[in-house]
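Breakdown of the fold
The chain contents come next:
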Amino acid sequence: MPGPKVYIGWWGAMGGPKQKGITQYSISPYRQRALKGMLSGYIVHGIRRIGAQAPYFVPPFAVGYFVYTWAKAKDHYNNSKAGHLAAMQAGEHGDH
């Protein structure tokens, strides 16, 4: 199996012509303010965005919560003494 005849270099140093016209700018890490205005911008714009999306997530959560509370109350009643008596009077047979 033939090998390479000439080592062309590691990634980024392939031995090709130098690139021209690429300018890089940088700023001192002490001058950067990565989180500037994060909280104050969220207070205004974040609440507006959440309010705009509320019609899409509030009704499903409300329906889900209503079904959850109804089912929990129904289960509590069915497993109570009154629920057992009502089920026996209705003719439902089970392990009571």
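Residues numbered from 1 in each chain as written. Predicted model: local features only at pLDDT ≥ 70, side-chain atom pairs only at ≥ 80, totals over all residues. Heavy atoms only, no water.

Looking up the protein in an unreviewed UniProt entry gives the name Cytochrome b-c1 complex subunit 8, with the organism given as Serendipita indica. As recorded by UniProt, the Subcellular location (unreviewed entry) comment attached to the protein reads in full: "Mitochondrion inner membrane". (UniProt positions renumbered as here; feature names shortened; annotations may be inferred.)

A few words now on the overall build of the protein. The number of helices and strands found in the protein is two helices and zero strands. Looking at the protein residue by residue over its 96 residues, the buried ones come to 4%. Counting only carbon and sulfur atoms, one obtains 64% of the accessible surface of the protein, whose full area is about 9900 Å². (Helix = DSSP H or I, 4+ residues; strand = E, 2+ residues; numbered from the N terminus. Buried < 20%, exposed > 50% of the residue type's maximum accessible area, 1.4 Å probe, protein only. Areas by Shrake-Rupley, 256 points an atom, 1.4 Å probe, with all protein chains shown as cover.)

Before going further, it helps to spend a moment on a nonpolar patch on the surface. Judged by side-chain polarity, Tyr-42, Ile-50, Phe-57, Val-58 and Phe-61 come together as a nonpolar surface patch covering roughly 500 Å² of accessible area. Among the structural elements, Val-58 can be located in helix α1 (residues 38–78). (Patch = residues over 30% accessible without salt bridge, like charges linked within 9 Å, V, L, I, M, F, W, Y side chains within 5 Å. Salt bridge = Lys/Arg side-chain N within 4 Å of Asp/Glu carboxyl O.)

Once that is clear, we can look at α1. With 41 residues, α1 should cover 60 Å at 1.5 Å per step; its first-to-last C-alpha distance of 52 Å lies more than 12% under that length. Taken as a whole, α1 carries its principal kink of about 60 degrees at Ala-54; the proline Pro-55 stands between one and four residues after it. (Expected span 1.5 Å × (residues − 1). Bend = angle between axes of the 7 residues up to and from the residue.)

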